[in-house]
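Listed below, chain by chain, are the residues.
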Amino acid sequence: MLKINDIKAVVFDMDGIIFDTERMYLEAWKFIGKRDNIADVDQSARSCIGLSVVDSVALMKAKYGQDFSIEKYHNEIETMVKEQIKNNGMPIKSGAVEILEYLNNIGFTVGLASSTKYDKIISHLERAGIREYFSVIMGGDMISHSKPNPEIYIKACEKLGVAPCNTIAIEDSQNGIRSAFGADMMPLMVPDLIEPTDEILAMTCGKFENLFEVMQFLKENI
């Protein structure tokens, strides 16, 4: 196992790590499921956490049939979430700004690797005023295979100019941990909506309650 003092860069996931948006999407799915009598659709949506839009659509159609109006529901949910963000601002996770500022102050290279589309990532980061912290940003529409495939993290490390084995990945989802582990990175997990299994925990180099705990871990070890 790599020693943490060999770490040269940190790559963050976005939804569920930087922003508390996954909860908003699942609540929207729960509302639609109850309204339109779609069995367990919010639970199915949970399985999409960490996947690209393309892979999420494929999963939902496999579950509910090829005629399932996923595109229509997706657009409706996006409208609902955008309205919440417009009214209440971007829901930034506890400790996100503080850990980004800390890494910036100590001169660490920082990237972001999210299954969300690139333009949407930029919009969220700019709205929250934290775009400048990230040297490299990888979106789900910039790769061929989404998490749990390691492609997005491998390419993020290539763009950062740092070997994956010298890079921390901070993730909340099981698919994200599998992706980072498969890329030969050092995965740190901050679970959001889904607690990890023993299999997932074995792939991590630490589990934390929030980003403040991650920041303290980094302060003590790098």
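Thresholds, definitions, all that
- Residues numbered from 1 in each chain as written.
- Predicted model: local features only at pLDDT ≥ 70, side-chain atom pairs only at ≥ 80, totals over all residues.
- Heavy atoms only, no water.
- Pairing = 2+ DSSP bridges.
- Helix = DSSP H or I, 4+ residues; strand = E, 2+ residues; numbered from the N terminus.
- Axes fitted to C-alpha atoms, helices over the stretch in contact; angles between N-to-C directions.
- Phe/Tyr/Trp six-rings, centres within 6.5 Å; stacked < 30°, edge-to-face > 60°.
- Buried < 20%, exposed > 50% of the residue type's maximum accessible area, 1.4 Å probe, protein only.
- Lys NZ or Arg CZ within 6 Å of the ring centre and 35° of its normal.
- Salt bridge = Lys/Arg side-chain N within 4 Å of Asp/Glu carboxyl O.
- 1 Å grid on protein atoms, 1.4 Å probe; cavity = no way out; pocket = protein on both sides within 12 Å on 5 of 7 lines; lining within 4 Å.
- Points joined across faces, edges and corners; volume = space filled by probe spheres on them.
- Nonpolar A, V, L, I, M, F, W, Y, C, P; charged D, E, K, R; others polar.
- Right-handed = clockwise from strand over helix to strand, strands pointing away.

Draft legend 1. Local environment of the sheet that holds strand S1 (residues 9-12). Pairing in this open sheet of 5 strands is parallel, and the strands run S3-S2-S1-S4-S5 from one edge to the other. This sheet does not close on itself; its edge strands, each paired only once, are strand S3 (136-138) and strand S5 (186-189). The mean inter-strand angle of the sheet, taken between neighbouring strand axes irrespective of direction, is 20 degrees. Sheet analysis places S1 next to strand S4 (residues 167-171), joined by 4 bridges and oriented parallel. By the bridge assignment, Ala9 is partnered in S4 with Thr167.

Draft legend 2. Representation of the packing of aromatic side chains in the model. Within the structure shown, the criterion is met by 5 aromatic pairs. Considering the side-chain rings of Phe12 and Phe134, the 6.3 Å spacing of their centres and the 85 degrees angle between planes classify their relative orientation as edge-to-face. Remark: Phe134 occurs in the loop between helix H6 (118-128) and S3 and Phe12 occurs in strand S1; sequence separation between them is 122 residues. Per residue, the accessibility class of Phe12 equals that of Phe134, and both read buried. Put simply, the rings of Trp29, Tyr64, Phe68 and Tyr73 pair up and form one aromatic cluster. Across from the ring centre of Tyr64, 6.0 Å away, lies the NZ or CZ of Lys63, which sits over that ring.

Draft legend 3. Quick peek at the pattern of salt bridges. One pass over the full model with this rule turns up 13 salt bridges. Across the salt bridge formed by Arg23 and Asp192, the nearest N and O atoms sit 3.0 Å from each other. Here Arg23, found in helix H1 (residues 22-36), pairs with Asp192, found in the loop between S5 and helix H9 (198-201); they are 169 residues apart in sequence, far enough to count as distant. Residue classification places Asp192 among the buried residues on the basis of a relative accessible area of 14%. A salt bridge links Arg178 to Glu199; the nearest nitrogen and oxygen atoms lie 3.6 Å apart. Remark: Glu199 occurs in helix H9 and Arg178 occurs in helix H8 (residues 174-182); sequence separation between them is 21 residues. Residue Arg178 is classed as partly exposed on the basis of its relative accessible area, which comes to 28%.

Draft legend 4. Highlighting empty space enclosed by the protein. Using the criterion set out here, one finds 1 cavity of 30 Å³ or more in the structure. Lining the largest cavity, in full, are Glu22, Ile49, Asp172, Ser173, Gln174, Asp192, Leu193 and Ile194. Residue composition of the lining of the largest cavity, by class: 3 nonpolar, 2 polar and 3 charged.

Draft legend 5. Examining the pairing of S4 more closely. Of all 5 residues that make up S4, 5 are buried, and the element is covered over most of its length. Of the pairings in the sheet, the one linking S4 to S5 comprises 4 bridges and is parallel in character. When the sheet's bridge partners are listed, Ala169 is paired in S5 with Pro187. What joins S4 to S5 is H8, and the crossover it makes is right-handed.

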